[in-house]
Amino acid sequence: MSNNGERDPALVQSVDRAVAVLELLARNGEAGITEIAAELGVHKSSASRLVYTLQTRELVEQDGERGPFRIGIGMLRYAGAVTGQVDYVRVGGPVCTELADRLGETVNIAVLDGGVALNVSQARGGSAVAAQNWVGQRTPLHATSSGKVLLAAASADDQDRLLSGKLEACAPGTITDPVKLRYVLRRTAEDGFATCMEELEAGLHAVAVPVFGSRGDVVAAISAAGPAYRLSQKRMPEIVEELRVASRDLSVRMGHPVQ
């Protein structure tokens, strides 16, 4: 649009209108078709067709069948490609909930935050017995499945820095030997998942897989945790596959190219 408010004739009208819709929703939070049509100066049927096109690309989403429209989750893929920052809570929440419902266990998403794993999203399945809310909690990298996934993806220099201090024992199974831990991290990188067998808490098992960002790098880890008697070694392969399905979904939402 020119400085005097007139639209540049060189602009592709449909593209310009699509951007205007996104700007309206970003500015106001949400808007109905009538409001969108008025903003664009077009008939409601034209506005509906334009919004539907944006909706198929997940650039806008609707609150119910007749509710107002708002910015869609698809916009995060573009935001992530530019800034590398993603709203893990909003994007990961539905993925965690769906997976927790399928597994019946507690599902978490964690990111690397300095020298610890920061839990940013959580959902509890129907069989989950613990009431612990891990959201916002910082857990040691060496004693958690998510932490191992994040450590395994770090550069050699970063691993050296993160493992330079004493490895505290949190539970009976905590790995405190740096040599053994480095071996576990190599296996984690090769296998694409990490387990945690009573390493953070007695009686608690967990398994995690990486989540990838727009550049193909590991940006987070998604894990499932539960009591040792239910999250047994025998059940681990099944849970790893479920986690990988959820990770692919979450990775695509974060801008990772579809494989």
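Rules used in this analysis
- Residues numbered from 1 in each chain as written.
- Predicted model: local features only at pLDDT ≥ 70, side-chain atom pairs only at ≥ 80, totals over all residues.
- Heavy atoms only, no water.
- Helix = DSSP H or I, 4+ residues; strand = E, 2+ residues; numbered from the N terminus.
- Buried < 20%, exposed > 50% of the residue type's maximum accessible area, 1.4 Å probe, protein only.
- Contact = heavy atoms within 4.5 Å.
- Areas by Shrake-Rupley, 256 points an atom, 1.4 Å probe, with all protein chains shown as cover.
- Pairing = 2+ DSSP bridges.
- Patch = residues over 30% accessible without salt bridge, like charges linked within 9 Å, V, L, I, M, F, W, Y side chains within 5 Å.
- Salt bridge = Lys/Arg side-chain N within 4 Å of Asp/Glu carboxyl O.
- Expected span 1.5 Å × (residues − 1).
- Axes fitted to C-alpha atoms, helices over the stretch in contact; angles between N-to-C directions.
- Core = buried A, V, L, I, M, F, W, Y, C linked by side-chain atoms within 4.5 Å.
- pLDDT = per-residue confidence, 0-100.

J.: What's the story with the overall build of the protein chain in this structure? I'm lost.
T.: When its secondary structure is counted, the protein chain shows 9 helices and 8 strands. For the protein chain, the residues scored as buried account for 44% of the 259 residues in total. In the protein chain, the proportion of contacts linking residues at least 24 apart, taken out of those at least 6 apart, comes to 52%. Only carbon and sulfur atoms are counted for the fraction: they give 51% of the accessible area of the protein chain, which is about 13600 Å².

J.: Would you mind going over the pairing of strand β6 (residues 194-197) with me for this structure?
T.: Strand residues, when the strand is regular, have side chains that alternate between the two faces of the sheet. Across 4 bridges, the pairing between β6 and strand β7 (residues 204-212) is antiparallel. Considered in β7, the bridge of Thr195 is made with Val207. What sits between β6 and β7 in their antiparallel hairpin is a turn of 6 residues, with Glu198 showing a positive phi close to 50°.

J.: Mind showing me how you'd approach the environment of Ala225 here?
T.: Along the polypeptide, Ala225 turns up in strand β8 (residues 218-227). On the basis of relative accessibility, which here comes to 17%, the residue Ala225 falls in the buried class. With sequence-adjacent residues up to four places away left out, Ala225 is seen in contact with Glu105, Thr106, Leu204, His205, Ala206 and Leu231.

J.: I would appreciate a short explanation of a nonpolar patch on the surface in the present structure.
T.: Taken together, Val12, Val15 and Val19 make up a surface patch of nonpolar side chains, about 240 Å² in accessible area. Structurally, Val19 is set in helix α1 (residues 13-28).

J.: Would you mind showing me how to read α1 here?
T.: Here α1 spans 22 Å end to end across 16 residues, near enough to the 22 Å set by a 1.5 Å rise per residue. Those residues of α1 that sit buried are Asp16, Ala18, Ala20, Val21, Leu22, Leu24 and Leu25. In the segment just after α1, Gly29 is the residue with positive phi, at about 90°.

J.: Please explain the sheet that holds β7 as it appears in this structure.
T.: Two modes of strand pairing occur in sheets, parallel and antiparallel, and in both the strands are linked by backbone hydrogen bonds. Taken in spatial order, the 6 strands of this open sheet run β5-β4-β3-β8-β7-β6, and their pairing is antiparallel. Since the sheet does not close on itself, it has two edges, and those belong to β5 (138-140) and β6, each with one partner. With direction set aside, neighbouring strand axes in the sheet form an average angle of 35°. Relative to β7, helix α9 (residues 236-253) is tilted by about 30°, and along the sheet it contacts β3 (106-113), β6, β7 and β8.

J.: What's the story with unusual backbone geometry in this structure? I'm lost.
T.: Of note in the backbone geometry, Glu58 takes a positive phi value of approximately 60° without being a glycine. Relative to the helices and strands, Glu58 is located in the loop between α3 (44-56) and β1 (60-62). Although it is not a glycine, Glu198 sits at a positive phi angle of roughly 50°. Note on placement: Glu198 falls in the loop between β6 and β7.

J.: Could you clarify how one ought to interpret the nonpolar core in this entry?
T.: Among the nonpolar cores identified, the biggest contains 29 residues, and Leu99, Ile109, Ile222, Ile239, Leu243 and Leu250 are the most heavily contacted of them. Those elements that place two or more of their residues in this core are α5 (88-103), β3, β4 (116-124), β7, β8 and α9. Sorting elements by how many residues they give to this core places α5 first, with 7 residues. Other than its neighbours up to four places away in sequence, Leu243 contacts Leu99, Val207, Ala208, Val209, Ile222, Ser223 and Ala224. Among the nonpolar cores identified, the runner-up in size contains 19 residues, and Ala20, Leu24, Ala47 and Leu50 belong to it.

J.: Explanation requested: the environment of Leu200 in the structure shown.
T.: Along the chain, Leu200 turns up in the loop between β6 and β7. Under the relative-accessibility criterion, Leu200 is labelled buried at 16%. Aside from chain neighbours lying at most four places away, what touches Leu200 is Trp134, Thr139, Pro140, Ala143, Thr144, Cys170 and Ala171.

J.: I would appreciate a short explanation of the confidence of the model for the protein chain in the present structure.
T.: Detailed reading of the predicted coordinates is not advisable wherever pLDDT is low. Residue-level pLDDT values for the protein chain average 85, and 88% of them are 70 or greater. Here residues 1-5 scores under 50 on pLDDT; set against residues more than four positions off or in separate chains, the count is 4 contacts. Scored below 50 in pLDDT, residues 81-85 makes 6 contacts in the model with residues more than four places away or belonging to other chains.

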